[in-house]
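Single-letter residue listing:
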Amino acid sequence: MRLSKRSRLQWGIALAATTAVVIGIRAQQVRKQTLAPHELNNSDAPPPIIWEPPALPDGSVNFESAEERYLRVVVVTKGLQQPWSIAFLPDGAMLVTERSGRLRIVRHGRLDPSPVAGVPQVQTGGPRGLQGLMDIALHPHFDENKFVYLAYHKPAGGDAGQTVLARGTWNGTALVDVHNIFESGATDTEASRITFGRDGMLYMSISAPGSPSVQRSQDPNDYAGKTIRLRDDGSIPDDNPFVGRAKFKPGIFTSGHRNGHGLAVNPETGDLWETEQGPSGGDEINVLRSGRNYGWPLVSYGRDYWGAPISAHPFRKGMEDPIVVWLPSIAVTGMTFYTGERFPHWKRNVFVGGLREGGIPGTGQIQRIVFNERWEELRREPMLMELKQRIRDVRQGPEGLLYVLTAEEDGALLRIEPR
């Protein structure tokens, strides 16, 4: 049947509208992929590879590992937006931070649809889109004082956010009496992690802008690119390495860091370990020593996003070498030492998260790193790559299982268990 001119016009308009809707849907699907800051600006790096992350199953997925062979990963809950960190409450519930500024609670495997009340106003986004609510930690004597600590970006005018540390009290359902106990003054920063050391002090990583042309990590009068050491009330300990020195921030514990994404205490030695993202290659694990300089951006094993080496040599006298390096980068994130009984062959193993390997989407993973009795690396094994999810954090739960957060707009809490 031949259509009239008017019918052909109406059909063309309808087709155009349908095409626009389809294109719009595809564009929305593409935007589910989380892009790194350098991928958002083509002058900083080659254009990104667009690959929408797949949906996770509703139940569990079986997989194998070299030394604890028969395993499964269970999807505990979905519905988290860019989750960042986990804290395990004594009653079995879990507090989960979302970068968007919300604190969530998971009880008996179910995500409460209402955010936890009491979180301060959070600056999200920032100049590279990665500011927000970061880490959460419980006080070592939480059973007595109910103190909860939050690392986050406080609004500092415009789209700026300052890395700060807050402390509040958990009343069983919400945070109360929340107030900032340390303000770094450092803006244009991103990742921040917190943990308590064996000495009872609180340690906090503050990132620096990732460009090698920005040398804030080497500026002793700037908290960007440093780890800091505080008392549990946010005050500065008198025995910090730079207390009393002119033009040195007194809270600095170590310097020369790029982007500290994980802090954990070695349970055997008491040393503080930090994961640190490099640029294109050069992710690191560093053992933090008081007053030491870890080199960024003067030395690095990495390259810039267009391929040129960051430094002619990856080491320099007077600067500390990492104990683990990734080439290519896995965009290393959270970290935990395994000390439990559920996986006996994983004792003295370190688990780290990774957002992706070598700049390729769909390659997020956990890596299991095996060390000898001197804490020298023997081997490493990638895990969970079949899920094709970015991994933000991995933590050992109180019952000896591993819990994992995916770094997605539709993020999830996962649990690794034997089968």
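Residues numbered from 1 in each chain as written. Predicted model: local features only at pLDDT ≥ 70, side-chain atom pairs only at ≥ 80, totals over all residues. Heavy atoms only, no water.

Lay out unusual backbone geometry with the relevant residues and their values.
Note that the residue after Trp-296, namely Pro-297, is joined by a cis bond; omega there is -5°. Assignment of secondary structure puts Pro-297 in the loop between β17 (283-288) and β18 (324-326). Of note, the amide linkage connecting Leu-327 to Pro-328 takes the cis form, showing an omega dihedral of 5°. Mapped onto the secondary structure, Pro-328 falls in the loop between β18 and β19 (332-337). Despite not being glycine, Asp-177 shows a phi value in the positive range, around 50°. By the secondary structure assignment, Asp-177 is in strand β10 (residues 175-187). (Helix = DSSP H or I, 4+ residues; strand = E, 2+ residues; numbered from the N terminus.)

Tell me about the nonpolar core, and name the residues and values.
Within the largest apolar cluster, 31 residues are counted, with the highest numbers of intra-cluster contacts made by Ile-366, Leu-413 and Ile-416. Every element with two or more residues in this core is listed here: β2 (70-80), β4 (94-98), β23 (391-396), β24 (402-406) and β25 (411-418). Broken down by element, the residue count for this core peaks at five residues, all from β2. Among all residues touching Ile-366, those that are not within four sequence positions of it are Phe-351, Val-352, Glu-381, Pro-382, Met-383, Leu-384, Ile-391, Val-394, Val-404 and Ile-416. (Core = buried A, V, L, I, M, F, W, Y, C linked by side-chain atoms within 4.5 Å. Buried < 20%, exposed > 50% of the residue type's maximum accessible area, 1.4 Å probe, protein only. Contact = heavy atoms within 4.5 Å.)

How would you summarise the layout of surface pockets if you had to cite specific residues and measurements?
In this structure, the largest pocket encloses a volume near 1000 Å³. In terms of lining, the largest pocket is formed by 46 residues, of which the most central are Ala-36, His-38, Arg-258, Tyr-305 and Arg-356. When the residues that make up the lining of the largest pocket are grouped by side-chain class, the tally is 22 nonpolar, 13 polar and eleven charged. Approximately 810 Å³ is the volume found for the second largest pocket. If you list the elements that add at least two residues to the lining of the second largest pocket, you get β3 (83-88), β7 (133-138), β11 (194-196), β15 (260-265), β19 and β23. For the lining of the second largest pocket, the class distribution of residues is 19 nonpolar, five polar and one charged. (1 Å grid on protein atoms, 1.4 Å probe; cavity = no way out; pocket = protein on both sides within 12 Å on 5 of 7 lines; lining within 4 Å. Points joined across faces, edges and corners; volume = space filled by probe spheres on them. Nonpolar A, V, L, I, M, F, W, Y, C, P; charged D, E, K, R; others polar.)

For the side chain of Gln-367, give the residues involved together with the corresponding values.
Turning to its location among the elements, Gln-367 is positioned in strand β21 (residues 365-371). Of note is the side chain of Gln-367, whose polar atom sits 2.8 Å from the side chain of Trp-326. Here Gln-367 is in contact with Trp-326, Ile-330, Val-350, Phe-351, Val-352, Arg-380, Glu-381 and Pro-382, once residues within four sequence places are set aside. (Polar contact = N/O pair within 3.5 Å; in protein donor to acceptor, adjacent residues only side chain to side chain.)

Would you mind going over the sheet that holds β24 in detail, with residue names and values included?
Remark on secondary structure: sheet strands pair via backbone hydrogen bonds, oriented parallel or antiparallel. Sheet architecture is open: five strands sit in the order β1-β2-β25-β24-β23, paired in antiparallel fashion. Edge positions in the sheet fall to β1 (60-64) and β23, since each of these pairs with one other strand and no more. Averaged over all pairs of adjacent strands, the angle between strand axes in this sheet comes to 25°, irrespective of strand direction. Pairing of β23 with β24, which is carried by five bridges, proceeds in the antiparallel orientation. Within β24, the position partnered with Gln-396 by the bridge is Leu-402. (Pairing = 2+ DSSP bridges. Axes fitted to C-alpha atoms, helices over the stretch in contact; angles between N-to-C directions.)

Quick one: what's the story with the pattern of salt bridges, residue by residue and with numbers?
One side chain can pair with another of opposite charge once the charged atoms of both are near each other. Following the criterion strictly, the structure yields 29 salt bridges and no others. The closest approach of N and O atoms between Glu-190 and Arg-128, which form a salt bridge, is 2.3 Å. With Glu-190 in the loop between β10 and β11 and Arg-128 in the loop between β6 (110-111) and β7, this pair connects stretches of sequence that are 62 residues apart. In this structure Arg-128 comes out as partly exposed when scored by relative accessible area, which is 25%. The network of salt bridges with common partners includes Glu-67, Arg-368, Arg-379 and Glu-381. (Salt bridge = Lys/Arg side-chain N within 4 Å of Asp/Glu carboxyl O.)

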